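Given next are the chains, with one letter for each unit.
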Amino acid sequence: LSQLTHLDRGSANRSYSFIGLTESESNRKGGTEDVDSQTHKPTPDEVTGKQKNPFPSPEGAKPGMPRNLTVTEISNGFVISWQAPLERANLVQYYVIKYRTDGAWKDLNKGTIRAEETSYLVKNLVGGRTYHFRVLAHSVKSYESSEEVKFPVPARVKHKAITAGVVGGILFFIVAIILSVCAVKICNKRKRRKQEKAYNMVACRITDARNGGQPPGISQVPLKKIVESRTYRDFSLELT
C-alpha cells in the first residue's frame with residue numbers, strides 16, 4: 001500500500017482496479033532475472049553424498065578402488081582394514097594409507113604395505129579427535145583411492161593413555177628404588193669384606209709375632225724322624 005501514495009485522493013468519483021501478481025511474475029514483468037536461475041545446481045557427488053576425491057589418479061594403468069574400508073578398536077590400538085579391488089586387482093603393487101584431522105592429508109604408514117596385506121595396526125591415535133582415512137592402491141604408474149572413512153576416536157582412549165603413563169611412571173620409580181637399595185647393599189657387602197680381610201691380616205701378624213716369627217700352624221718342637229717301613233718287595237728278597 002505504500003506504493004499507492006501517488007494515487008489521486010482528491011477525486012472521489014474515480015475508480016481503480018487492481019490485479020494480484022506473484023513474486024516470480026512480478027520479476028518477469030519488471031524484466032528482472034528469475035530467482036530459480038540463480039540457485040546452485042548440486043553436483044553428482046553432492047547428490048550421492050560422496051566427497052570429492054582429493055587424490056586424482058595420474059595417467060597410466062591403475063587398479064580398481066579398495067573396498068569396505070573400516071577402522072576397528074582393539075585392546076592395543078586400532079586396526080584399519082579393507083578389501084582388495086574387484087577390478088584389476090592384479091595391478092596392485094602396494095597400498096598407502098592417508099589420514100587427516102583438520103589439516104592436509106598425510107601418510108599414516110611409514111613403509112609401503114604389500115599387495116597381499118589388507119590391514120594395518122596403528123597405536124598413536126589421539127582420543128577425542130576425528131580422523132579421516134583413505135587407502136590408495138598403487139600400480140606401477142598410477143593409483144586409485146578408496147572412499148573416505150571418518151572415525152571419531154573415543155575420549156576414553158586419551159584417559160587410558162594418561163593412566164598408562166601414570167602407572168608406568170610409578171613402576172619405574174619403584175624399580176629405581178629397588179635397584180638403589182640393591183646397589184647400597186652390594187657396596188656395603190664389599191666394604192664389609194674389605195674390613196674383614198684387613199682384620200684377618202692384622203690378626204695373622206699378631207699371631208706370627210707371638211710364635212716367634214714362624215708361620216702359623218708350624219710347631220716349634222722338633223718332630224721325630226719317621227722311619228720308612230720296608231716294602232713287600234724288600235721283604236720277599238730277604239726270604240730268598
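What you see is a predicted model, and the numbers here were worked out from it, not measured in a lab.

K.L.:
When you look at the overall build of the protein in this model, what are you seeing that I'm missing?
P.N.:
Broken down by element type, the protein carries four helices and nine strands. Reading the protein from its N end, one meets helices and strands in the order α-α-β-β-β-β-β-β-β-β-β-α-α. In the protein, which comprises 240 residues, the proportion classed as buried is 18%.

K.L.:
Help me understand the environment of Ile-113, please; the structure alone is not making it clear to me.
P.N.:
For Ile-113, the location among the structural elements is in strand 5 (residues 113-114). Its relative accessible area of 3% is what places Ile-113 among the buried residues. Separated by 19 residues in the primary sequence, Ile-113 and Tyr-94 place their C-alpha atoms 5.4 Å from one another.

K.L.:
Help me out: how do you make sense of the pairing of strand 3 (residues 94-100) in this one?
P.N.:
Strand residues, when the strand is regular, have side chains that alternate between the two faces of the sheet. Across the seven residues that make up strand 3, a large majority, five, are buried. Across two bridges, the pairing between strand 3 and strand 5 is antiparallel. Looking across to strand 5, one finds that Tyr-94 is bridged to Arg-114. Alignment of strand 3 against strand 7 (residues 130-138), held across seven bridges, turns out to be antiparallel. Pairing of Val-96 across the sheet is with Leu-136, part of strand 7. Examined bridge by bridge, strand 3 and strand 4 (residues 106-107) share two bridges and lie antiparallel to one another. Its bridge partner being in strand 4, Tyr-99 is matched across the sheet by Lys-106.

K.L.:
Explain the confidence of the model for the protein to me, please; I cannot follow it from the model alone.
P.N.:
The predicted coordinates should not be examined in detail at positions where pLDDT is low. Scored by pLDDT, the protein has a mean of 75; 61% of the residues are at 70 or more. Counting contacts from residues 31-40, a segment whose pLDDT is below 50, to residues more than four positions away or on other chains yields five contacts. The low-confidence segment residues 43-48 (pLDDT under 50) makes four contacts with residues lying over four places distant or belonging to another chain.

K.L.:
Looking at this structure, how should I read the packing of aromatic side chains?
P.N.:
The description of an aromatic ring pair rests on the distance of the ring centres and on the angle between the ring planes. Here the structure, examined in full by the defined rule, presents four aromatic pairs. With a centroid separation of 5.7 Å and 70° between ring planes, the pair formed by Phe-78 and Phe-151 is classed as edge-to-face. In this pair, Phe-78 sits in strand 2 (residues 77-83) while Phe-151 sits in strand 9 (residues 149-152), placing the two residues 73 residues apart along the sequence. We note that Phe-78, like Phe-151, is buried. Ring geometry for Trp-82 against Tyr-95: centres 5.3 Å apart, planes inclined by 65°, an arrangement best described as edge-to-face. Separated by 13 residues along the polypeptide, Trp-82 in strand 2 and Tyr-95 in strand 3 bring together distant segments of the chain. Accessibility classification places Trp-82 together with Tyr-95 in one group, the buried group. Grouped by ring-pair contacts, the aromatic residues Tyr-99, Tyr-131 and Phe-133 constitute a single cluster.

K.L.:
Looking at this structure, how should I read the sheet that holds strand 6 (residues 119-122)?
P.N.:
The strands making up a sheet associate through hydrogen bonds between their backbones, and the pairing can be parallel or antiparallel. As summarised here, the arrangement of the three strands in space is 1-2-6, forming an open sheet in which the pairing is antiparallel. Only two strands of the sheet have a single neighbouring strand rather than two, namely strand 1 (67-74) and strand 6. In this sheet, adjacent strand axes meet at a mean angle of 15° when their direction is disregarded. As defined by bridge partners, strand 1 adjoins strand 2 across six bridges and the pair is classed as antiparallel. For Val-71, the partnering residue across the bridge sits in strand 2 and is Ile-80.

Cut-offs and rules
- Residues numbered from 1 in each chain as written.
- Predicted model: local features only at pLDDT ≥ 70, side-chain atom pairs only at ≥ 80, totals over all residues.
- Heavy atoms only, no water.
- Helix = DSSP H or I, 4+ residues; strand = E, 2+ residues; numbered from the N terminus.
- Buried < 20%, exposed > 50% of the residue type's maximum accessible area, 1.4 Å probe, protein only.
- Pairing = 2+ DSSP bridges.
- pLDDT = per-residue confidence, 0-100.
- Contact = heavy atoms within 4.5 Å.
- Phe/Tyr/Trp six-rings, centres within 6.5 Å; stacked < 30°, edge-to-face > 60°.
- Axes fitted to C-alpha atoms, helices over the stretch in contact; angles between N-to-C directions.

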